[in-house]
Amino acid sequence: MNKPVVGRFAPSPSGYLHMGNLLSLLLAWLDCRSLGGELIFRLEDLDPARSKKEYSEAMISDLRWLGLDWDRGYPEEPQYAQSARTELYEAAFETLRRRDLAYPCWCTRAQRLAAASAPHPGERDRDPGCPCAGLTREERRERLTSGKAPAWKLRCPDEKVRLLDGHYGPVEQNLRRDAGDFILRRADGVFAYQLAVSVDDALMGVTRVVRGRDLLASAPRQKWLIETLGYPAPDYCHGPLLTDGEGKLSKRLGSLSTQVLRGQHRPEEILGRLAFLAGLIDREEPVTAWDLLPDFSWEKVRREDVRFEAPGGPANT
Ligand code: GLU
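Residues numbered from 1 in each chain as written. Predicted model: local features only at pLDDT ≥ 70, side-chain atom pairs only at ≥ 80, totals over all residues. Heavy atoms only, no water.

As a further point, take unusual backbone geometry. Across the junction of Tyr74 and Pro75, the peptide omega takes the value 0°, indicating a cis bond. Mapped onto the secondary structure, Pro75 falls in the loop between β3 (72-73) and α3 (86-98). Residues other than glycine seldom take positive phi values, yet Asp100 does so here, at roughly 60°. Mapped onto the fold, Asp100 is located in the loop between α3 and β4 (102-105). Given the relative accessible area of 43%, Asp100 is considered partly exposed. (Helix = DSSP H or I, 4+ residues; strand = E, 2+ residues; numbered from the N terminus. Buried < 20%, exposed > 50% of the residue type's maximum accessible area, 1.4 Å probe, protein only.)

With that settled, the discussion passes to the sheet that holds strand β5 (residues 151-154). Here we have 3 strands laid out as an open sheet, ordered β4-β5-β8, and antiparallel in their pairing. Every other strand in the sheet has two partners, leaving β4 and β8 (182-185) as the edge strands with one partner each. Going from strand to strand, the sheet's axes swing by 45° on average, the running direction of each strand aside. Pairing analysis gives 3 bridges linking β5 to β8, with the strands arranged antiparallel. Residue pairing for β8: Lys153 is matched across the bridge by Ile183. (Pairing = 2+ DSSP bridges. Axes fitted to C-alpha atoms, helices over the stretch in contact; angles between N-to-C directions.)

Further remarks concern the packing of aromatic side chains. Under the definition given, this model contains 10 aromatic pairs. Note on Phe93 and Trp152: the rings are 5.6 Å apart at their centroids and 80° apart in plane angle, and the pair reads as edge-to-face. With Phe93 in helix α3 and Trp152 in strand β5, this pair connects stretches of sequence that are 59 residues apart. Judged by its relative accessible area of 11%, Trp152 falls in the buried class. Aromatic rings pair up to connect Phe9, Phe41, Trp70 and Tyr74 into one cluster. It is Arg221 that lies over the ring of Phe182; its NZ or CZ is 5.6 Å from the centre. (Phe/Tyr/Trp six-rings, centres within 6.5 Å; stacked < 30°, edge-to-face > 60°. Lys NZ or Arg CZ within 6 Å of the ring centre and 35° of its normal.)

Moving on: the site of the ligand. Close contacts around the ligand come from Arg8, Ala10, Pro11, Ser12, Glu44, Tyr193, Val197, Arg211 and Leu215, and that covers them all. Within the side chain of Tyr193, a nitrogen or oxygen atom sits 2.8 Å from an oxygen atom of the ligand. Taking Arg211, its side chain carries an N or O atom lying 2.7 Å from an oxygen atom of the ligand. Protein coverage of the free-state accessible area of the ligand, which is 300 Å², stands at 79%. Looking at side-chain class alone, the shell around the ligand contains 5 nonpolar, 1 polar and 3 charged residues. (Near = heavy atom within 4 Å. Polar contact = N/O pair within 3.5 Å; in protein donor to acceptor, adjacent residues only side chain to side chain. Areas by Shrake-Rupley, 256 points an atom, 1.4 Å probe, with all protein chains shown as cover. Nonpolar A, V, L, I, M, F, W, Y, C, P; charged D, E, K, R; others polar.)

This part takes up the nonpolar core. Phe9, Met19, Leu22, Leu63 and Leu68 are the most contacted members of the largest nonpolar core, which totals 58 residues. Other than its neighbours up to four places away in sequence, Leu63 contacts Phe9, Leu17, Leu22, Leu25, Phe41, Leu68 and Trp70. (Core = buried A, V, L, I, M, F, W, Y, C linked by side-chain atoms within 4.5 Å. Contact = heavy atoms within 4.5 Å.)

What follows is about helix α8 (residues 219-228). With respect to burial, α8 is a largely interior element, 9 of its 10 residues being buried. Looking at α8, one finds that the buried residues are Ala219, Pro220, Arg221, Gln222, Lys223, Trp224, Leu225, Ile226 and Thr228. At the exit of α8 stands Gly230, carrying a positive phi of roughly 95°.

Take the packing of helix α7 (residues 193-203) against α8 next. Where α7 contacts α8, the two axes come as close as 9 Å, and the packing angle between them is 55°. Considering their axes alone, α7 and α8 lie oblique with respect to each other. By crossing handedness, the relation of α7 to α8 is classed as right-handed. The residues of α8 that touch α7, namely those facing Tyr193, Gln194, Leu195, Val197, Ser198, Asp201 and Ala202, are Arg221, Gln222, Leu225 and Ile226. Taken together, the residues of the contact of α7 with α8 sort by class into 6 nonpolar, 3 polar and 2 charged. (Parallel < 35°, antiparallel > 145°, perpendicular 65-115°, else oblique. Left-handed = near helix turned anticlockwise from the far one by under 90°.)

As structure tokens, this is what we get:
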């Protein structure tokens, strides 16, 4: 029997939804619904300093207004918010630590940035970018008792991870050389995105991860973490990004936030514009998400990024 399909919405409430977020959520919805799957809403409010209730409420209201529904999760089930899942991340983190796959790192943010992509090819035992990777057991113990709380990093294996992205094709990454050791837990105790998202996708039984292609490079790390924790990895399928001509849309871009566009357009106009720009329909016209479903296919979805203009403006592709 085929495994049941489980997809997810996983927005971070660190700003209002913009059209780029919305395109990824629309693709996740179409993918999951077209496969007859169950769709989860997980709130990625991992970072307490950046997450706001005002944003999560606006996101939920926007998705409902647009007719993008889900089957379980936040807000009815508060355990689908990452802020309520710390114990689960803690357990996974302990598993990695026990297996000597995590090490404490006292580097400053500036040191870390400087070292970010510098692992030397062929170096086997430590990430040369991080001096903390090579500390002896005694040195580590001494520093751990010295008072300054460390961040914790994953000791990346010198191992190739391969996956077949459903839209962009084969991806291959040597974790140590191409990704490098990465943060699992920050010095302030907050768990990092890569760990949390992997634990959540694993424990929630997610089988389809659909999101923007800016996260494609993270997929091998997540696949490896999920499998290392003993779970089957989901299928990954990334979609194009929306740009404003200068780069990827960001949450700070007020004018293309769903909240603003909601005041000016009907939901069908917004979905029609997004669907047209993404390649899902040949002619721009108002549509509901359900209208798009019968003919949905990843083959139609563009691979190159899409320049967005609000409905009514030029469809500048
Ligand atoms: N929470 C992330 C975001 O809003 C998405 C994470 C994911 O889909 O893996 O950008």
